[in-house]
Amino acid sequence: MDQDTQHGKWTVSSSEDDDEAIPLSGTTTAGPPRPAASGHSSPPGPKLEPVAATVEVKPEPVDPPAASSLAVGSEARQSPLTNQLSPVKFETSPSLAGKRKKEPSDGSGWALSDSDDDDDGDVKRKSLGKKAPPSPKKKKQKAETERPPSPYGRLYVDDPEDFFESSVPCLDDTYRFYLTKVTGLDRKYNSGALHIRDILSPLFGTLKESVQFNYCFDIAWMVKQYPSEFRDRPVLIVHGDKREAKARLLQQATSYPHVRFCQAKLDIAFGTHHTKMMLLWYEEGFRVIIMTSNLIRADWYQKTQGMWMSPVFPRLPEGSGESAGESPTFFKRDLLEYLASYRAPELEEWILRIKEHDLSEARVYLVGSTPGRYVGSDMERWGHLRLRKLLAAHTDPVPGEERWPVIGQFSSIGSMGPDKTKWLTGEFQRTMTTLGNSSLRTDPPLHLVYPAVEDVRTSLEGYPAGGSLPYSVQTAQKQLWLHAFFHRWKATATGRSHAMPHIKTYMRASPDFSQLAWFLVTSANLSKAAWGALEKKNTQVMVRSYELGVLYVPSAFNMKTFPVQRNPFPVSSSSSGFPVPFDLPPACYSPEDQPWIWNIPYSQAPDTNGNIWIPS
Ligand code: GNV
């Protein structure tokens with residue numbers, strides 16, 4: 001790959017114009033983790049023609065801003081030029097790397113699993129505002145002798161003891177929509193948020209067994225998130241890894257015999273298992289969590305992530321009928337249908353178990369994707385046509401609502417074709433603008449929220465946050481038309497402007513952004529692979545990936561619309577306002593803003609930690 005920043009042009013050579021072929025090697029500086037063979041950054045569709053292509057890219061600012069303009073302090077930040085001038089290779093996303101990298105680490109030790117330097121109190125270099133008191137003894141020696149000191153000061157900082165809940169936390173149980181805690185934020189902003197250790201704590205139920213559906217796993221780290229009293233209870237991992245990636249995943253669990261695996265079938269090219277769900281079976285009942293975080297430390301550290309957490313569903317009385325325990329939103333039927341779609345023997349006992357529980361308290365609709373080519377009435381089972389069907393059946397337009405803007409917010413972007421009509425407006429927007437069975441079709445504004453380079457640069461993680469925003473230059477250059485829809489990531493109300501989003505949300509808001517017609521939190525990014533694409537003159541829909549989310553509609557909450565919550569703090573146990581996780585209205589990119597693209601260098605301005613980004 002050739003760059004010429006001064007001239008504002010990027011050239012992608014023919015040898016690497018395929019999204020699959022992000023160059024590997026390289027001996028200097030940082031880079032995104034190499035995508036796995038099954039990585040979803042590899043969009044589906046035709047391969048690029050073997051011709052050189054160019055894309056206009058604005059030159060980066062020449063003068064690095066003063067360190068004081070950066071959001072978060074760090075030791076490294078005080079000498080950004082040092083790191084700029086002598087960049088050193090490091091691993092951007094350690095555990096995603098564990099998944100993707102086919103090559104062994106370079107021997108520096110920085111590509112080790114997160115679980116090697118986690119919360120038992122290892123090295124602490126980063127000086128966040130709220131630095132944890134150093135925990136004595138333990139593995140400090142080990143970490144410091146086995147590895148060279150990090151030149152980046154980006155090792156994880158331990159959270160203070162009171163980061164985790166010691167009694168049942170005050171949570172808003174109206175919507176049961178929560179964000180994950182962010183290390184380094186003012187305490188206020190983490191109230192009402194949940195760390196994975198909170199979710200798995202005995203305060204939430206006496207765990208008997210669990211299932212973890214996800215894309216990326218650090219098994220040793222995951223095991224440590226379970227409280228010691230539940231740590232050896234059976235865990236089933238549902239994943240999509242094949243071949244070498246699968247072997248590495250299974251290898252991670254050799255010393256954890258209670259951890260078993262279920263490989264989701266992925267028969268369509270470029271499909272991935274993105275679904276992120278926990279099934280928690282307790283003495284007291286059963287709980288479902290549908291979320292956006294991978295089971296790796298980086299995903300629960302300084303990112304904005306979201307979840308729907310069900311209440312504890314009690315066990316049904318012995319001998320209850322087939323249809324017992326259904327919710328007004330048919331959540332039970334739809335969850336069972338989603339699980340059945342895996343056709344996996346390992347999930348059978350969980351299907352039986354769920355049937356024995358009362359899920360009637362669920363007030364959300366399940367919106368899943370499962371790979372396949374669907375025709376006839378099956379077209380509406382998954383992806384955006386499933387959402388379209390739900391919006392037609394369960395929303396009722398209030399006057400003028402057909403002009404309400406649609407907002408989509410995501411952390412990755414697939415290939416959507418040479419112009420907006422090919423999928424985005426022709427197909428996806430049609431779903432997003434569905435309201436009841438009204439035939440009034442309008443084209444309201446479509447606001448797409450995705451971090452700009454500047455958002456990533458000034459984030460808590462700095463450029464390494466971009467390792468979880470895998471929009472590739474090869475995809476971006478084919479759809480410059482898309483960037484006209486882009487809006488910045490801002491989240492002042494939740495304190496998360498500098499916690500880059502890995503959450504994905506979609507909603508319909510009133511023109512003054514004070515009300516919502518509906519809200520969706522999901523694993524699904526803006527891609528045809530996730531949401532499905534029509535084929536064969538619209539008689540078939542093809543879905544490549546597994547995805548899962550929940551849809552909130554006002555009618556299930558006896559409301560006409562959801563008011564948007566204005567001041568989320570202090571958290572109360574019930575509020576009627578919906579806690580939208582970022583600022584409304586979304587702010588348009590300025591002419592200087594560029595969307596974050598993960599596989600091009602950013603060397604003109606240092607990030608929060610004084611580093612630059614040079615993909616290898
Ligand atoms: C970086 C992710 C997920 C997910 C899936 C990726 C990729 C990739 C790169 C982050 C990620 N894929 O959460 O499901 O290359 O596919 O977070």
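Residues numbered from 1 in each chain as written. Predicted model: local features only at pLDDT ≥ 70, side-chain atom pairs only at ≥ 80, totals over all residues. Heavy atoms only, no water.

S.K.: Looking at this model, I keep getting lost on the packing of helix H10 (residues 383–394) against helix H11 (residues 424–432). Mind explaining?
M.R.: Between H10 and H11, the shortest axis-to-axis distance is 8 Å and the interhelical angle comes to 35°. Between H10 and H11 lies a crossing whose hand is left-handed. In this structure, H10 uses His-384, Leu-385, Leu-387, Arg-388 and Leu-391 to contact H11, whose residues at the interface are Glu-427, Arg-430, Thr-431 and Met-432. Tallied by class, the residues present in the contact of H10 with H11 amount to four nonpolar, two polar and three charged. (Axes fitted to C-alpha atoms, helices over the stretch in contact; angles between N-to-C directions. Helix = DSSP H or I, 4+ residues; strand = E, 2+ residues; numbered from the N terminus. Left-handed = near helix turned anticlockwise from the far one by under 90°. Contact = heavy atoms within 4.5 Å. Nonpolar A, V, L, I, M, F, W, Y, C, P; charged D, E, K, R; others polar.)

S.K.: Would you mind going over the sheet that holds strand S4 (residues 177–179) with me for this structure?
M.R.: Pairing between the strands of a sheet comes from backbone hydrogen bonds, and it takes one of two forms, parallel or antiparallel. The strand order S4-S11-S9-S8-S5-S6-S7 describes an open sheet built from seven strands, whose pairing is mixed. For this open sheet the edge positions go to S4 and strand S7 (259–263), each flanked by a neighbour on one side alone. Within this sheet the neighbouring strands show an average axis-to-axis angle of 20°, counted without direction. (Pairing = 2+ DSSP bridges.)

S.K.: Help me understand the nonpolar core in this model?
M.R.: Residues Leu-424, Leu-482, Trp-518 and Tyr-552 are the most contacted members of the largest nonpolar core, which totals 113 residues. Considering each element in turn, this core owes the most residues, six residues, to strand S19 (residues 515–522). Residues within four places of Leu-482 in sequence aside, it is in contact with Ile-413, Met-416, Leu-424, Leu-448, Tyr-471 and Leu-526. By size, the runner-up hydrophobic cluster in this structure holds 30 residues, among which are Ile-199, Trp-221, Phe-230 and Met-278. (Core = buried A, V, L, I, M, F, W, Y, C linked by side-chain atoms within 4.5 Å. Buried < 20%, exposed > 50% of the residue type's maximum accessible area, 1.4 Å probe, protein only.)

S.K.: Could you clarify how one ought to interpret the packing of aromatic side chains in this entry?
M.R.: What characterises a pair of aromatic rings is the spacing of the ring centres plus the angle enclosed by the ring planes. Scanning all chains against the criterion turns up 34 aromatic pairs. Centroid distance Tyr-450 to Tyr-471: 5.9 Å. Interplanar angle 85°. Geometry classified as edge-to-face. Of this pair, Tyr-450 sits in the loop between strand S15 (446–449) and helix H12 (453–457) while Tyr-471 sits in the loop between H12 and helix H13 (473–476), and the two are 21 residues apart along the sequence. When sorted by exposure, Tyr-450 lands in the same class as Tyr-471, which is buried. Judged by centre distance (5.6 Å) and plane angle (50°), the rings of Trp-489 and Phe-582 are tilted. Of the two residues, Trp-489 is situated in the loop between strand S16 (486–487) and strand S17 (500–501) and Phe-582 in the segment after strand S23 (562–563); the sequence distance between them amounts to 93 residues. This pair shows no difference in class: Trp-489 is buried, exactly as Phe-582 is. (Phe/Tyr/Trp six-rings, centres within 6.5 Å; stacked < 30°, edge-to-face > 60°.)

S.K.: Help me out: how do you make sense of the environment of Leu-250 in this one?
M.R.: You can see Leu-250 is positioned in helix H7 (residues 243–252). Separated by 11 residues in the primary sequence, Leu-250 and Phe-261 place their C-alpha atoms 7.6 Å from one another.

S.K.: Can you walk me through the pattern of salt bridges in this structure?
M.R.: Throughout the structure, instances matching the rule amount to 17 salt bridges. Across the pair Asp-334 and Arg-386 runs a salt bridge, and its minimum N-O distance is 2.8 Å. Of this pair, Asp-334 sits in helix H8 (residues 331–340) while Arg-386 sits in helix H10, placing them 52 residues apart in sequence. Considered together, Asp-334 and Arg-386 belong to a single accessibility category, that of buried residues. Beyond isolated ion pairs, a larger network of salt bridges with shared partners links Glu-165, Lys-181 and Asp-198. (Salt bridge = Lys/Arg side-chain N within 4 Å of Asp/Glu carboxyl O.)

S.K.: Sorry, what's going on with H11 here?
M.R.: An α-helix turns once every 3.6 residues. As a result, residues three or four positions apart point the same way. Counted residue by residue, H11 has seven buried out of nine residues, so it is predominantly covered. Buried within H11 are the following residues: Leu-424, Thr-425, Glu-427, Phe-428, Gln-429, Thr-431 and Met-432.

S.K.: Explain the packing of H8 against helix H9 (residues 348–355) here, please?
M.R.: To describe two helices that pack against each other, one gives the angle between their axes and the distance between the axes. Running from N to C, H8 and H9 point in directions that differ by 175°, and their axes come no closer than 10 Å. Considering the angle they form, H8 stands roughly antiparallel to H9. Taking contact as the criterion, the partners of Lys-332, Leu-335, Leu-336, Leu-339 and Ala-340 in H8 are, on H9, Ile-351, Ile-354 and Lys-355. (Parallel < 35°, antiparallel > 145°, perpendicular 65-115°, else oblique.)

S.K.: Help me understand unusual backbone geometry, please; the structure alone is not making it clear to me.
M.R.: A negative phi angle characterises most non-glycine residues, just as the trans form characterises most peptide bonds. Here Phe-569 and Pro-570 are connected by a cis peptide whose omega angle stands at -5°. Checked against the element boundaries, Pro-570 lands in the segment after S23. Across the junction of Leu-584 and Pro-585, the peptide omega takes the value -5°, indicating a cis bond. Inspection of the secondary structure assignment puts Pro-585 in the segment after S23. Positioned with a positive phi, Asn-538 is a non-glycine residue whose angle comes to about 65°. Within the secondary structure, Asn-538 sits in the loop between strand S20 (533–535) and strand S21 (540–543).

S.K.: Even after reading the chapter, I still don't get the pairing of strand S6 (residues 235–239), so can you show me in this structure?
M.R.: Moving residue by residue along a regular strand, the side chains alternate between the two faces of the sheet. With five of five residues buried, S6 is to be regarded as a mostly interior element. Both faces of S6 are covered, namely the face carrying Val-235, Ile-237 and His-239 and the face carrying Leu-236 and Val-238. Pairing geometry for strand S5 (residues 207–213) and S6, over four bridges, is parallel. Bridging across to S6, Phe-213 finds its partner in Val-238.

S.K.: I keep staring at the pairing of strand S22 (residues 547–552) and nothing clicks. Help me out?
M.R.: Along S22, six of the six residues are buried, which leaves the element largely enclosed by surrounding structure. Here S22 shows no split at all, with Glu-547, Gly-549 and Leu-551 on one side and Leu-548, Val-550 and Tyr-552 on the other all buried. Where strand S12 (residues 365–369) lies against S22, five bridges are found, and the strand directions are antiparallel. In the sheet register, Gly-368 faces S22, and the bridge partner there is Leu-548. The pairing of S19 with S22 spans four bridges and is antiparallel. If you follow Val-521 over to S22, its bridge partner there is Val-550.

S.K.: Please explain the sheet that holds S20 as it appears in this structure.
M.R.: With respect to topology, three strands assemble into an open sheet ordered S13-S21-S20, the strand pairing being antiparallel. Strands at the two margins of the open sheet, each flanked by one partner only, are strand S13 (372–375) and S20. Averaged over all neighbouring strand pairs, the angle between strand axes comes to 30°, with direction disregarded. Bridge analysis of S13 against S21 gives four bridges, and the strand direction is antiparallel. Across the sheet, Arg-373 pairs through a bridge with Met-542, a residue of S21.

S.K.: Can you help me understand the confidence of the model for the protein in this one?
M.R.: Any residue range with low pLDDT should be treated as having predicted coordinates unsuitable for detailed reading. In this model, the protein carries a mean pLDDT of 81, and residues with pLDDT of at least 70 account for 75%. Confidence drops under a pLDDT of 50 for residues 116–153, and excluding neighbours within four residues, the segment shows 83 contacts in the predicted structure. (pLDDT = per-residue confidence, 0-100.)

S.K.: What should I look at first to understand H9 in this one?
M.R.: For H9, the complete set of buried residues consists of Trp-350, Ile-351, Arg-353 and Ile-354. Down the axis of H9, the buried set is contained in an arc of 160°. They therefore lie on one face. In this fold, the buried residues of H9 make contact with S5, strand S8 (277–282), strand S9 (286–291) and H8. (Arc of directions from axis to C-beta.)

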